[in-house]
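# Results of the structural survey
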Amino acid sequence: MAVKEAPKEIFLKDYKPTGYHFDTVELKFVLSEKKTTVVSKIRVLPRNSSESPPLVLDGRDVKLLFVKINGEERKLEEVELTSRHLTLKSLPVQPFDLEIGSEIHPETNLSLEGLYKSSSGMFCTQCEAEGFRKITFYQDRPDVMAKFTTRIEADKAQYPVLLSNGNLIDSGDLENGFHYAVWEDPFKKPCYLFALVAGQLTSRDDTFKTRSGRDVQLRIWTPAQDVPKTEHAMHALKLSMKWDEDVYGLEYDLDLFNIVAVPDFNMGAMENKSLNIFNSKLVLASAETATDVDYAAILGVIGHEYFHNWTGNRVTCRDWFQLSLKEGLTVFRDQEFSSDMGSRPVKRIGDVALLRTAQFSEDAGPMAHPVRPHSYIKMDNFYTVTVYEKGAEVVRMYQTLLGKDGFRKGMDLYFERHDGQAVTCEDFFAAMRDANSANLSVFLRWYSQAGTPILTVSTAYDAAARSYTVKCKQEIPSTPGQPVKEPTLIPLAVGLLNSKGEDMVLTELLDGGSLKSLKDTAGGPAKTAVLVVDKEEQEFTFLNLPEKPVPSFLRNFSAPVRLVTPTVTDDDLLFLLAHDSDEFNRWEAGQTMGRKLMLDLIPKAQRNEQLAVPSAFVEGMRRICGKGTNTSWRKRTDGLDGGCRSRCSTYCPKICDKRACVETEARFPENCEYRLIVTENRSSDPHYTFDHKNKARRSLKNLALGYLCSLDEADTTELALKEYKSATNMTDQFAALSSLCQNPGDVRDEALANFYEQWKDETLVVNKWLVLQSMSDIPGNVKNMRRLLDHPSFDMKNPNKVYSLIGPFCRTAVNFHAKDGSGYEFLAEVTLQLDKMNPQVASRMVSSLSRWKRFDEGRQSLAKAQLERIAKTDGLSENVFEIASKSLA
Ligand code: 0A1
Ligand code: ZN
C-alpha cells in the first residue's frame, strides 16, 4: 500500500518549470468491464543535459503494473510510490523512452473525473483540471505539452464506436470479438485536453466549409433515439465556426470535429481537442422538451467550447492559476457570439444580472479570490464565477478601452506570439498593450486583487462656464488575505442627455489638467466618452455643454463595479428610463427606481399603511410594456428591443408583495392589461421557432402570466391552466406550470402530477419538474425534499439530478433558511453522502453555506454548526474540506 500524502496548498509564487519535457505520448487502452489497462509510452526530453533531477509523476487511484526506461524494466521496489505520486530517479540525461503500465477501474469511479463508465453504458473521460492522473501516471500540468497517439481496444458489440482526439489513422478487428481504433492528434496539447469515448452511439453528420475552402466533418454523437434532438446543436456549431472566422479570422484546424453527449457530467461541457464532451442537457433539444432558456444555453456553450480551440487549446495556460486566461477570454467570446446571434442588450442584461447576483456575492464572502487566484488546495474549487464571469468582464474592459479594432489587433498579436504555447495572463496583457502602444499597467491589478470596487460618482454643472464636472472616487473592500487594496483602472463609459432626451455631443474633456478633444471610434462626434479612472480620487470636466445634462454612467456596464451616484435624482432615473440611447442603462434606471420603491413600500406594507406607487414610475413601466399613448414615449418604446421590454418589466407591478401588487392593480387596470399581454402574445403558430422575436414575445407573455397567477384568484388560475393545456412547446408549458406552482393547493398538485406523467421518460424534462419543487417557497418543503430524494426520478450519482433538486433548494429564502435550521441540516446530510461519491459536486453544494456570516444571529449559529459538522467528518474529500474550512475561518 502506497504512503498516504496529506492535502497540500499550492501557491502561484512557487511555480517552476518541469525538469523534463514530454515530446510524444503513445497510449494504449484495453477497455473491459472488470478492469482497464493503460500503457503509456512517452518520449522524454530532459531540460538540462548535465543533470537528471527526479521525475515526479502524478497518479491517483491507479495501480502501477510496470515501469520501463529505454525498454528496461525497473524493479517496482526501487521506485518511490505514494498515494499521489510516482517518483523516478537516476534517469538518463539524454532523451529516453519511458513506458508505464497501469490498471484502473472505471466502473467504480463515481467522481466522474478520469475515465469512468457512464450510466448510459459508455466509457468516457474528463481530464480538466487534474483528472488525467486518474488514468495513468503523468506530469499532469498544463505546461507539459505533447503529441498524443491513442490506441483503444474494446469489445466490438458493446462498444462499437471508439473515439479519441485528432484523426483516425487505423482501425480493425481483433480476436475474441474485440476491435481497435488508433487516433493521432497532430497538435501538441496538455493532458487535460485528452479525451476518450467508447460506446453505442449514433451520429448526426454534417460538414462545414472553412473560409480557405477545406471541408470539415462535423459529428454529434448520442444514443440513437436522441439524434433528432441534435439539430439545434449542429446549427449552433456551424454558426460558431463561421463567427470565429468572421470576427477573429480564426479557422478550424483539423478535418474532423466530434461532439459527444453524456448524461452524467460534472460541468456543462469540455473542450477536449476535436472531441468535445458535453453534458446532454447542453446538446439535446426539441421544441416539446426544451425551453427558450435551454436553446440559448446550448447555443452559448457550443460556441464556448468551439472557441476554446484557439483560446485554450492552441494557446493554453502555463499553470492553473492562469485559468481565466482561457476561461475569461472564452466566456467573453461566447457572450459576444450570443449577442450577435440574438439581442445584444438582452444578453448584456442577463450577463450583468448573473455577475451581480453570483460573482459580487462571491467577491464579498469567505471564498473571495482574484481573477487569478494566489493559491488553492483543489483546483476544481476555482472554476468559479470570478474566474469565468469577472474574468470575461476584465477582457471586455480591454475592448472598451482599446476599441473593437484595437482589441482585434491585440488578439492577432497574442496568437502570433503564443500559438502552441502555455502562457500567462501577463502575456495576454502584453499583447493587448503592445499592439496598441497603450499604457495600462494599473489595469493588471484586476488580476491580482479580489473584491468588487465601489465607484462613487458625483457631478456639478457650472452654467456660466458651460462645464460639467464628474468627480470619481474608488474603493476596493478588503477580502480574506488582502486587507489593503490599490486603486485599479476603471473604464467609466459616460453619456450626457439634453433636456429632449438626446445624447449631447461631447467635444472636449479636461482630464487631470490636460485637454482632450473627444471623437467616437469611427472619428465622428462622441456621444459616449470612456473616462479612465485609475486613481483613488479623480475629476473630469466636460466643456462646451449648453445646458445641464442628465448623466448616463457606466453605459453597457463598462466595468464590474458597484456604482454609487449620490447626485442622480429620481427624476433623472425616470428620464433615463424614458430616453437613454443605451438600452442597458434604460433597464438599469428602471431597476434602480423599482428597488428604491420596493425598499420604501415593504415597511409600509408591513405596517399596513396605504401604499402608493408614484405615477411617473407606473407610467414609465406601462410604456415599456407597450401600453402607453403619449407619442414621444411611444416612439422610444417602439424602438425598444422586444426582449428588453420583458426584462424591463420585471418590477411591474409586483413591486414587493401581494399588498403592493394589489395596490398597483387598483391604481390602473393592470390585471386587464396583463390579460391583454397574455392574449396578444399568444402564438397562433403551432411551430416553435427559436429566434429573438418569438423568444421576446414568449418571455413577456409568460412574465405577465406569472404576475397574474401571483394574485391567486380563480380566474387567473383558470387562465394559467388554459395556457398549460394549450401549450405547444416546453417554454410555454413549463412557464404555465411554474405560474400555477406559486400557490399551494390541489391545482398545483394535480398540475405537477400531470406533468410528471406526461414526461416521466424524458430525464431532462423530469429535471425541470424537480427544480420547480425544490425552489418552492411554500413553507415546510424540506419534508417534500426528503421524499424526492427517494423518488425513482432522483439519482445521487447523476450531477444533473443533484443540481436540479439540491441546488435550487439552497437558493430559497423560506425553506433553506427555515428558522429551525432544517434546511441547513438537510444540506449537510446530502453533502456528506454525496462526498463519498463525487467530491466536486459535493463541494459545489456546500458552498451554499459559506456565506453564513451574513445570516441573522439565530441562523448563523445553525449554519455554522452544520459547517463544523461537515468539516470534522473523517475521510472528507479535499474539495469539501477546502470550502468548509475556508468558510469557517
Ligand atoms: N473547461 C470547461 C469546463 C470544465 C471545467 C472543469 C471540469 O472539471 C473539473 C470540467 C469542465 C469549460 O470551460 O467549458
Ligand atoms: Zn471554458
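Each remark here, short or long, concerns the structure printed above.
This section reports on the structure supplied with the text. (Residues numbered from 1 in each chain as written. Chains lettered and ligands numbered in written order. Predicted model: local features only at pLDDT ≥ 70, side-chain atom pairs only at ≥ 80, totals over all residues. Heavy atoms only, no water.)

## So, the pairing of strand β32 (residues 550-553)
Here is the rule: Here's how the labels work: a residue is buried when its accessible area is under 20% of the maximum for its type, exposed when over 50%, partly exposed in between, all with a 1.4 Å probe on protein chains only. Only runs of H or I of at least four residues qualify as helices and only runs of E of at least two qualify as strands under DSSP, and these elements are numbered from the N terminus. Paired strands, as defined in this entry, are two strands with at least two bridges between them according to DSSP.
Alternating residues of β32 divide into V550 and S552 and P551 and F553, and every residue in both groups is buried. In this structure, strand β27 (residues 490-497) lies alongside β32, joined through four bridges in antiparallel fashion. Looking at the pairing, G495 lines up with S552 of β32.

## Looking at the site of ligand 1
For the record, the criterion: Near residues are defined by distance, with any heavy atom within 4 Å of the molecule or strand qualifying the residue. Throughout this description, a polar contact denotes any pair of N or O atoms lying within 3.5 Å of each other; where both atoms belong to protein, one of them has to be capable of donating a hydrogen while the other can accept it, and for residues adjacent in sequence the pair is counted only when both atoms sit in side chains. For every accessible area listed, the method is Shrake-Rupley and the probe measures 1.4 Å; residues are considered covered only by the protein chains on display. In this classification, the charged set is Asp, Glu, Lys and Arg, the nonpolar set is Ala, Val, Leu, Ile, Met, Phe, Trp, Tyr, Cys and Pro, and all remaining amino acids, among them Gly, are polar.
The environment of ligand 1 is formed by 15 residues, the closest being E128, E271, E305, E327 and Y388. Side-chain polar atom of H304 to an oxygen atom of ligand 1: 3.2 Å apart, as the coordinates give it. For ligand 1, the protein covers 96% of the area, taking 360 Å² as the surface of the free molecule. For the shell around ligand 1, the secondary-structure elements that each account for two or more residues are β20 (269-270), α2 (292-307) and α3 (323-341). Among the residues forming the shell around ligand 1, the class breakdown is five nonpolar, four polar and six charged.

## Re the coordination of the zinc ion (ligand 2)
Using the following cut-off: Coordination partners: N, O, S within 2.8 Å of the metal, 3.2 Å for Na, K and Ca; water not considered, so apparent gaps in a site are possible. In this scheme the shape depends on donor count and angles: four donors with every angle between 85 and 135 degrees give tetrahedral, four or six donors with opposite pairs above 155 degrees and others between 65 and 115 give square planar or octahedral in turn, and any other case is irregular.
The coordination sphere of the zinc ion (ligand 2), as far as protein atoms go, consists of H304 (NE2), H308 (NE2) and E327 (OE), spread over 1.9 to 2.0 Å. The site at the zinc ion (ligand 2) holds four donor atoms, and with the angles between them running 98 to 129 degrees, its shape is tetrahedral. Positions of the donor residues of the zinc ion (ligand 2) along the chain correspond to the pattern H-x3-H-x18-E. Of this pair, H308 sits in the loop between α2 and β22 (316-317) while E327 sits in helix α3, and the two are 19 residues apart along the sequence. Using a relative accessible area of 0% as the deciding quantity, one classes H308 as buried.

## Observations concerning the sheet that holds strand β12 (residues 147-155)
Reading across the sheet, the eight strands line up as β6-β5-β9-β3-β2-β12-β15-β14 and stay open at both edges, with mixed pairing between neighbours. The open sheet is flanked by β6 (72-73) and β14 (167-173), the only strands paired with a single partner. Strand direction decides the pairing type here: strand β5 (residues 63-69) and strand β9 (residues 96-104), joined by six bridges, are antiparallel. Across the sheet, residue I69 finds its bridge partner in β9, namely L98.

## Looking at the packing of aromatic side chains
For clarity, the cut-off: Geometry of aromatic contacts follows a simple scheme: Phe, Tyr and Trp rings, the Trp one being its six-membered ring, pair when their centres are within 6.5 Å, and the pair is stacked under 30 degrees between planes, edge-to-face over 60, tilted otherwise. Our definition puts a charge over a ring when NZ of Lys or CZ of Arg is within 6 Å of the ring centre and also within 35 degrees of the ring normal.
Evaluated as defined, the whole model comprises 38 aromatic pairs. On the basis of an interplanar angle of 50 degrees and a centroid distance of 6.2 Å, the ring pair of F734 and F755 is categorised as tilted. In this pair, F734 is assigned in helix α17 (residues 730-740) and F755 in helix α18 (residues 746-759), connecting sequence segments 21 residues apart. Judged by relative accessible area, F734 falls into the buried class, the value being 16%. Counting every residue linked through ring pairs, the aromatic cluster contains W243, Y248, Y252, F257, Y306, F307 and F337. Residue placement shows K68 over the ring face of F66; its charged tip is 5.1 Å from the ring centre. The positively charged end of R318 is found above the aromatic ring belonging to Y15, 3.7 Å away from the centroid.

## Things to note about the side chain of N309
The condition that has to hold: Should any heavy atoms of two residues lie within 4.5 Å, those residues are counted as being in contact.
Tracing the chain through its elements places N309 in the loop between α2 and β22. For N309, a relative accessible area of 2% puts it in the buried group. A distance of 2.9 Å separates polar atoms of two side chains, one belonging to N309 and the other to K273. In contact with N309, other than residues within four places in its own chain, are Y252, D253, K273 and R314.

## So, the packing of helix α19 (residues 763-774) against helix α21 (residues 799-809)
Counted only if it meets this: To get an axis, fit a line to the C-alpha atoms, keeping to the stretch in contact for a helix; angles then go from 0 to 180 degrees between the N-to-C directions. Should an angle fall under 35 degrees it is called roughly parallel, over 145 degrees roughly antiparallel, and 65 to 115 degrees roughly perpendicular, with every other angle called oblique. Crossing chirality is assigned from the near helix's rotation relative to the far helix, an anticlockwise turn below a right angle marking it left-handed and a clockwise turn marking it right-handed.
At a minimum axis separation of 8 Å, α19 and α21 run at an interaxial angle of 15 degrees. Here α21 runs roughly parallel to α19, going by the angle between their axes. Relative to α21, the crossing made by α19 is right-handed. Residues T763, L764, V766, N767, L770, V771 and S774 of α19 pack against N800, K801, S804, L805, P808 and F809 of α21.

## A few points about unusual backbone geometry
The linkage connecting E128 with the following residue, A129, adopts the cis geometry, with an omega of -5 degrees. Residue placement: A129 occurs in the loop between β11 (123-126) and β12. The backbone of S90 shows a phi angle near 50 degrees, a positive value even though the residue is not glycine.

## Points about the sheet that holds strand β25 (residues 454-462)
With respect to topology, six strands assemble into an open sheet ordered β29-β28-β31-β26-β25-β33, the strand pairing being mixed. The strands lining the two open edges of the sheet, one partner per strand, are β29 (514-517) and β33 (562-564). Between one strand and the next, the sheet's axes are offset by a mean angle of 25 degrees, whatever the strand orientation. The pairing of β25 with strand β26 (residues 467-475) spans nine bridges and is classified as antiparallel. Looking at the pairing, D462 lines up with S467 of β26.

None of this, on its own, says anything about what the molecule does.
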